[in-house]
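Residue-level structure breakdown
Below, each chain spelled out in residue letters.
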Amino acid sequence: MMSEEGEPVMERRERPSYNWVDITEEFRYAASLLSLGELLHDSSFGLFEAMSAIEMMDPKMDAGMMCNQIQRKVYNLEHAVAAGLVKIDDLSLEETIGIMDATLATLVTWLEGHSLAQTVFTNLYLHNPYMIGDRCLKAFSIVMLKIVELIRERVNRAGCFEEEDFQPMSYGFKMAGDVTEARASGMLKEVEDDLARTLRSLRQRHGGPQDNKEADNQYQLTVALHTRVRFYRHLYALLLVFSRDRIESLPQAQKLITQLKELVPLSRSSLHLGIQPPAREASKNDYPTIMGFEPLINQRLLPPTFPRYTVIRGRAESLDYVTNLLNRLYTITTVTELGSLHSTMEVFVEFSKSMPCVLARSVLQLTLLPPNRRILGTMPVVDALKETIRNFIAPPVLSPKCVLYNNAQAKDYVEALLTRAARPMCALFQITGHNRARQRDKWAHMLDDLSSLQEEADKVDAYLHSLLVKVEPNRSHLACLGTWVLYHTLQTMISYTLAGFELELYAPYEYHYVYWYLSELLLAWLVSTLHRADNFLLEHETLSDQQKGRSNKKNKKKKRPKSLSREITMAQAQQQMFGAYFKAVMGLQLDGKMKQPNFKFDNEEVRFSHRFAPFTCVSTPPMVHYAQYKEMSDLSRYDREPSPADLYGAACKGFHQAKCMLESLVTPTDEVQALLRVSKTNFVVMKLLVGGHKKDSTDPPEFDFNQHRVYPVIKIV
């Protein structure tokens, strides 16, 4: 049945009808009633909905609308070739060099956390490398796609990235998967050999590159292109080596890294030879373009959210980035020379402090912590944990000369505990692969697992002790395995607290209770734990010597093969440093040089509880609550309340003792040298304050973290 307008009646009835009402004026009137800074909140529309709301067709929020605002037309590769804007055959050497350098800059920008659509795939040649006729550019484009895919695979498998670190989405682009690894590498090798023959021909024809200006220019361009082809072939080979997840491949990786580091200066010296973006576009410093690059080609692929502003790295900056990456990758290849799990953990932590990029962090995780959960690539986790505990505290149950060693039930208990410990121990390694801010969050969650592991270890220790005292009454097994777990718990708590300084989370008026907590609780427990472990080691060595029939005189002269003395000294020095900082800050507060917030609008107890909230789940050491802290740190509990000069003097003594301990270390590392400089400087500052230096000044002190990100230099201004 048809209506008078010629439309089917059923379709007209099913069509929904709307009664639109314009509320623009009412909305503006309601908004005018709100004061500045006032927000309207409704149960169905809060801040989350407001931030998630996207106004379609708004250029500020709709990324795809940027394409409609520009005057020029955006071409894809096929249309750009048809329009004569992009060449795919007979490219000059300058053009090929420029395209290679610009592509490296986009690759580096991608590794810094931007999307592939806004970086690497602004290179039109990578959209369809098979239509390129130029052999060199075609081979380079295919290998670049393979490099991108290898990096994506490495980072995804390691899983040590957050959205601010890395964007793995490929937006549906093909990564030359139909070209084998051998063929991709062989294509570049063929181009490299052709360029090498060209170089030999240039030398023979002109008797050297110095004959005339044209020949000299041609020779330099050929050398520059040959250097880049070699660089990308070696870079591709290096990523292939790391993709094998085998320790045996690392010597080959070292060789490739050395070759790449030799090629970087050669590439840097010839950056000017490639084509450059127009001066007008280069001055914008956002998307300098050359032939084959279109910044807006993928704009409509971006999600309808506020687009992340992307600035493509400069070519020289990109080579700096590559140099740092190669240095860190070389460091990874040397980690396997370390034997124990604890020493490897130290390397992981130090590597993380250097702020490596997401690729370097991922390679370290996959090389030394492969998915089959093996430590150092050769030893199963449980065996590695046994060896580590044996070197740390030498518990009787892991000593072949103890009766518990062959006790089946004791073995089952230990195996069960270490199997349970494997996951949190591997997680501690994996946490170091994240960026510094995310590490702090993950350390807080890690304390739950370590706390429950601590309880299990204490129960196993109690059971093993009951078995041991029946056959060897003079020996003890109490707190052996628990001490090892406690050591890692304390290290995690300390790392979490110190991360607040690195991330600049603490205000100066919070320093006093943070320094106190580190000095009086965390590091005090750590020193005690290390002493207990060292005593167990000494007891084990003494018993071994007695069983071998060695005399006590010889034993005294013999140097201890296993000792935690260096770690104990380092922990004691840190404890002295933080204790000195606490006394210095308290003295500055008494002296009126550090202003406190108005507690009418603030609550120190709330801030204290917030800073140490993750520690509430840990039973050992128990968390010190704010009331306990106030009672334990109250200066009025002394017979004579100390003056600012007394506190400065105590801080001066603390910095001096820390300096002496650090100087006693035989082989000082860079970390120790930095701490020495800080302790010496602060010792002098406290000495001046004791003498009344700038006593009348009320200006707040400066805490300078340039020397060290955790231990500041105190400056009185």
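To be clear, the structure that these remarks concern was listed above.
The rules behind these values
- Residues numbered from 1 in each chain as written.
- Predicted model: local features only at pLDDT ≥ 70, side-chain atom pairs only at ≥ 80, totals over all residues.
- Heavy atoms only, no water.
- Helix = DSSP H or I, 4+ residues; strand = E, 2+ residues; numbered from the N terminus.
- Contact = heavy atoms within 4.5 Å.
- Areas by Shrake-Rupley, 256 points an atom, 1.4 Å probe, with all protein chains shown as cover.
- Salt bridge = Lys/Arg side-chain N within 4 Å of Asp/Glu carboxyl O.
- Core = buried A, V, L, I, M, F, W, Y, C linked by side-chain atoms within 4.5 Å.
- Buried < 20%, exposed > 50% of the residue type's maximum accessible area, 1.4 Å probe, protein only.
- Axes fitted to C-alpha atoms, helices over the stretch in contact; angles between N-to-C directions.
- Parallel < 35°, antiparallel > 145°, perpendicular 65-115°, else oblique.
- Nonpolar A, V, L, I, M, F, W, Y, C, P; charged D, E, K, R; others polar.
- Phe/Tyr/Trp six-rings, centres within 6.5 Å; stacked < 30°, edge-to-face > 60°.
- Lys NZ or Arg CZ within 6 Å of the ring centre and 35° of its normal.
- Expected span 1.5 Å × (residues − 1).
- Polar contact = N/O pair within 3.5 Å; in protein donor to acceptor, adjacent residues only side chain to side chain.

Time to look at the overall build of the chain. Helix and strand counts for the chain stand at 24 helices and 4 strands. Of the contacts made within the chain by residues no fewer than 6 positions apart, 77% connect residues no fewer than 24 positions apart. Counting only carbon and sulfur atoms, one obtains 53% of the accessible surface of the chain, whose full area is about 36300 Å².

If you walk through the whole model with that rule in mind, you get 28 salt bridges. Connected via shared salt-bridge partners are Arg135, Arg183, Glu190, Asp194 and Arg197.

A separate point is the nonpolar core. Counting residues in each nonpolar core, the largest one holds 205 residues, and the members touching the most others are Tyr125, Ile151, Tyr517 and Met686. Ranked by the residues each element gives to this core, the list is headed by helix α18 (residues 511-548), at 16 residues. Those residues in contact with Met686 that sit more than four places away from it in its chain are Ala584, Tyr648, Ala651, Cys652, Phe655 and Ile714.

Moving on, we come to the packing of helix α14 (residues 381-392) against helix α17 (residues 480-502). Contact geometry of α14 with α17 gives a least axis separation of 10 Å together with a crossing angle of 95°. Between α14 and α17, the angle is such that the two are roughly perpendicular. In this structure, α14 uses Leu385, Thr388, Ile389 and Phe392 to contact α17, whose residues at the interface are Leu481, Thr483, Trp484 and Tyr487. Residue composition of the contact of α14 with α17, by class: 6 nonpolar, 2 polar and no charged.

Right, let's talk about the packing of aromatic side chains for a bit. Each aromatic ring pair is specified by the distance between its two centres and by the angle formed by the two planes. Taken as a whole, this structure holds 32 aromatic pairs when the rule is applied. Seen from their ring centres, Tyr517 and Phe615 are 5.9 Å apart, and the 40° between their planes marks the pair as tilted. With Tyr517 in helix α18 and Phe615 in the loop between α21 (604-611) and α22 (626-633), this residue pair connects regions lying 98 residues apart in the sequence. The exposure classification of Tyr517 matches that of Phe615, with both residues buried. Among the aromatic residues, those joined into a cluster by ring pairs are Phe501, Tyr506, Tyr511, Tyr515, Phe578, Tyr581, Phe655, Phe703, Phe705 and Tyr711. Across from the ring centre of Tyr330, 5.5 Å away, lies the NZ or CZ of Lys261, which sits over that ring.

With that settled, consider helix α6 (residues 135-158). Over its 24 residues, α6 extends 35 Å from the first C-alpha to the last, a length consistent with the 34 Å expected when each residue adds 1.5 Å. Along α6, 18 of the 24 residues are buried, which leaves the element largely enclosed by surrounding structure. Between the side-chain oxygen at the start of α6 and the backbone nitrogen of Cys136 there is a gap of 3.2 Å, and the oxygen is on Asp134. After α6 finishes, the residue Gly159 shows a positive phi value of roughly 65°.

Its location among the elements puts Arg436 in helix α16 (residues 436-471). For Arg436, a relative accessible area of 11% puts it in the buried group. For Arg436, the side chain forms a polar contact with the side chain of Ser352, separated by 2.9 Å. Within the structure, Arg436 has its side chain in polar contact with the side chain of Gln439 (distance 3.2 Å). When neighbours within four sequence positions are excluded, Arg436 is seen to be in contact with Ser352, Lys353, Met355, Glu502 and Leu503.

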